[in-house]
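# Chain and residue survey
Next come the chains, spelled out residue by residue.
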Amino acid sequence: IEEWRSAYNTGIGLFTSKVQEISGQSVPRSIKSRSRLHYWLAEQDERFVPGRCYPLLLNAKGNITEAPTATIVIVDESRKAIMKSPGPPIASVNA
């Protein structure tokens, strides 16, 4: 936990993992027991440094999906969320 403390205030670097998010067409999202092996594999990349650089998973189309233990939120200069994944449409994020 200590290696993540500074990331709360300063943010964290991301890299795109070669490991893709598992498609909801392959394993329905309603099944809560699906494997988390793809997250573990993404963290085996030599670029992964806890608290400093974290893997970002993409889907088969190259869109951002999530990180192994985090939801991704991109914030613009006005501090408004411009993207949240996975989640509801951004209009409800800014509400």
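Everything discussed here concerns the structure shown above.
The structure contained in this document is the topic of the report that follows.

## Let's talk about the side chain of Thr65
Tracing the backbone shows Thr65 in strand β3 (residues 64–66). Classification of Thr65 as buried rests on a relative accessible area of 12%. Within polar-contact distance, the side chain of Thr65 engages the backbone oxygen of Leu57 at 2.9 Å.

## Points about the nonpolar core
Where a protein is soluble and globular, its nonpolar side chains tend to be buried together. In this structure, Phe15, Phe48, Tyr54, Leu56, Ala67 and Ile72 together form the largest nonpolar core, which totals six residues. Leaving out residues up to four positions away in the same chain, Ala67 has contacts with Tyr39, Tyr54, Pro55, Leu57 and Ile72.

## Focus: the packing of aromatic side chains
Enumeration according to the criterion identifies one aromatic pair in this entry. A ring pair is formed by Phe48 and Tyr54, whose centres lie 5.6 Å apart and whose planes are at 55°; its orientation type is tilted.

What counts and what doesn't
- Residues numbered from 1 in each chain as written.
- Predicted model: local features only at pLDDT ≥ 70, side-chain atom pairs only at ≥ 80, totals over all residues.
- Heavy atoms only, no water.
- Helix = DSSP H or I, 4+ residues; strand = E, 2+ residues; numbered from the N terminus.
- Buried < 20%, exposed > 50% of the residue type's maximum accessible area, 1.4 Å probe, protein only.
- Polar contact = N/O pair within 3.5 Å; in protein donor to acceptor, adjacent residues only side chain to side chain.
- Core = buried A, V, L, I, M, F, W, Y, C linked by side-chain atoms within 4.5 Å.
- Contact = heavy atoms within 4.5 Å.
- Phe/Tyr/Trp six-rings, centres within 6.5 Å; stacked < 30°, edge-to-face > 60°.

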